[in-house]
Amino acid sequence: MYKPGPQNLITDVEGISVGHAEDQGVRTGATVLYCPNSVTGGVDVRGGGPGLRDIEVLSPENAIGRADAVVLSGGSVFGLAAGDGIAKSLSKQGVGLKFTETMPPVPLVVGAILFDLINGGDKKWGMETPYHNLGIAALADAQKKNGAAFGLGNYGAGLGARAGNKEGGIGSTSIDLGDGLIVGALVAVNSVGSVFMPDGRTYWAQPFAYGDELGGQKGNPDQPPATQPIPDDGKMGGVSPGTNTTIGIIATSAKLTSAECKRVAMMAHDGFARAIRPVHTLSDGDTIFCISGGTKELPDGPARSRWVSEIGAAGADTMARAIARGVYEAQ
């Protein structure tokens, strides 16, 4: 029987570290997944208003197909500066591509941002936004943690997030598929849609939960039917394109190709659909990255297709659980 990994976090995948940094006055933050040993990566974008950094480096048809770090940040377009801080820090540490002795290393830092500019924090930053330094601090936190547990809920990119009309946040879960194969999810939940069933308290992702990761919640036998395409506890009224966004990462210990990572990221979006209603709207920038840790070899031939499909299916389930867990912890 499958079960979560030891920490029930994405860091159960070997070689993955996660760090956060927050600015409480601005009510924003950044979260970074540091993956120096990653062999490949992929990304899939489904939301109608995304904000992204260098994602084409992960496209299967392009030359690189991997990343040294993935950053999830608040701040809308301003939050893209978090990736600049991370890239500068990694380059100073000697991490990145280097073609001659005289050039600085060029780190591969990809990422996505969410919109948290109207959450009540002090956004009067003038020409000096906090995100460059938040990126540096989040990377330092990830490297210090070195795969250890990290905060869920109101941390990092999840500090100023909202999920429907509830607090959003950072969520993470994992699953052990056996024989050294781990799949984990990390997500910053800032959705237009609601994560709750019509009773307002049962998570859509509750059927996928393990143990007490959602407080030991049980299903509601008197659940009203889900007949409203736009639930009352969502926030569709008056929102503009790109003013929300759920952004996440799937990591697996399996050694995948860039194209296979892309497929896993695509399948993992089913986890968004299982946990949030509605999802992938014009006001969301929903994006999922997939990072291959590369410690577990998969067989070639027909068996490989089965394994990649199972990793994608597990990615969808772990992502659904992580979304609900992020909102649960934020409350």
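Scroll up to find the structure.
Residues numbered from 1 in each chain as written. Predicted model: local features only at pLDDT ≥ 70, side-chain atom pairs only at ≥ 80, totals over all residues. Heavy atoms only, no water.

Peer 1: Would you mind going over the packing of aromatic side chains in detail, with residue names and values included?
Peer 2: Considering all chains together, one arrives at three aromatic pairs under this definition. On the numbers, 5.2 Å between centres and 65° between planes, the contact of Phe-78 with Trp-125 is edge-to-face. Here Phe-78 is found in the loop between strand E5 (69–73) and helix H1 (81–92), whereas its partner Trp-125 is found in the loop between strand E6 (109–113) and helix H2 (131–145), with 47 residues between them in sequence. Joined through ring pairs, the aromatic side chains of Phe-78, Trp-125 and Tyr-131 make up one cluster. Positioned above the aromatic ring of Trp-307, the side-chain terminus of Arg-306 is 5.4 Å from the ring centre. (Phe/Tyr/Trp six-rings, centres within 6.5 Å; stacked < 30°, edge-to-face > 60°. Helix = DSSP H or I, 4+ residues; strand = E, 2+ residues; numbered from the N terminus. Lys NZ or Arg CZ within 6 Å of the ring centre and 35° of its normal.)

Peer 1: Could you give me a rundown of the sheet that holds strand E12 (residues 287–296), with the residues and numbers involved?
Peer 2: The sheet built from five strands is open, its strands ordered E3-E12-E11-E10-E9 with mixed pairing. Taken across any chain shown, the strands that pair with only one partner, and hence form the sheet edges, are strand E3 (40–45) and strand E9 (169–176). Pairs of neighbouring strands in the sheet enclose a mean axial angle of 15°, with direction left out of account. Sheet topology places E9 next to strand E10 (residues 182–189); eight bridges connect them, and they run antiparallel. Residue Ser-174 lies in a different strand from E10, and its bridge partner there is Gly-184. Sitting on the sheet, helix H3 (residues 258–275) touches E3, E10, strand E11 (247–254) and E12, and the angle it makes with E3 is about 40°. (Pairing = 2+ DSSP bridges. Axes fitted to C-alpha atoms, helices over the stretch in contact; angles between N-to-C directions. Contact = heavy atoms within 4.5 Å.)

Peer 1: Before we move on, could you go through empty space enclosed by the protein and cite the residues and values that matter?
Peer 2: Counting across every chain of the model gives one cavity of 30 Å³ or more. Size it by volume and the largest cavity reaches roughly 30 Å³. Forming the walls of the largest cavity are Arg-53, Val-71, Gly-79, Leu-80, Gly-83, Gly-111, Ala-112 and Ile-113. With three residues, E6 is the largest single contributor of residues to the lining of the largest cavity. Broken down by class, the residue content of the lining of the largest cavity amounts to four nonpolar, three polar and one charged. (1 Å grid on protein atoms, 1.4 Å probe; cavity = no way out; pocket = protein on both sides within 12 Å on 5 of 7 lines; lining within 4 Å. Points joined across faces, edges and corners; volume = space filled by probe spheres on them. Nonpolar A, V, L, I, M, F, W, Y, C, P; charged D, E, K, R; others polar.)

Peer 1: Can you break down the pattern of salt bridges residue by residue, with the values?
Peer 2: According to the stated counting rule, one finds 12 salt bridges in the structure shown. A salt bridge links Glu-310 to Arg-306; the shortest N-O distance between them is 3.3 Å. Residue Glu-310 and its partner Arg-306 are both found in helix H4 (residues 302–330); the two are separated by four residues, about one turn of the helix. Via salt bridges that share partners, Asp-44, Arg-46 and Lys-262 belong to a single interconnected network. (Salt bridge = Lys/Arg side-chain N within 4 Å of Asp/Glu carboxyl O.)

Peer 1: Residue-level account of the state of the cysteines, with values.
Peer 2: Counted under the stated rule, the structure contains zero disulfides. Note on Cys-35: no disulfide assigned, nearest cysteine sulfur contributed by Cys-261 at a separation of 10 Å. Residue Cys-35 is classed as buried on the basis of its relative accessible area, which comes to 1%. Sulfur of Cys-261: no disulfide; nearest cysteine sulfur belongs to Cys-290 and is 4.0 Å away. (Disulfide = S-S within 2.5 Å. Buried < 20%, exposed > 50% of the residue type's maximum accessible area, 1.4 Å probe, protein only.)

Peer 1: Describe unusual backbone geometry, and please don't skip the residues or the numbers.
Peer 2: Cis geometry is adopted by the peptide bond preceding Pro-278, which originates at Arg-277 and carries an omega value of -10°. Along the polypeptide, Pro-278 turns up in the loop between H3 and E12. Although it is not a glycine, Arg-27 sits at a positive phi angle of roughly 60°. In this structure Arg-27 comes out as partly exposed when scored by relative accessible area, which is 28%.

Peer 1: Break down the environment of Gly-234 for me, with residues and values.
Peer 2: Among the secondary structure elements, Gly-234 is positioned in the loop between E10 and E11. It is 10.0 Å that separates the C-alpha atoms of Gly-234 and Arg-162, two residues lying 72 residues apart in sequence.

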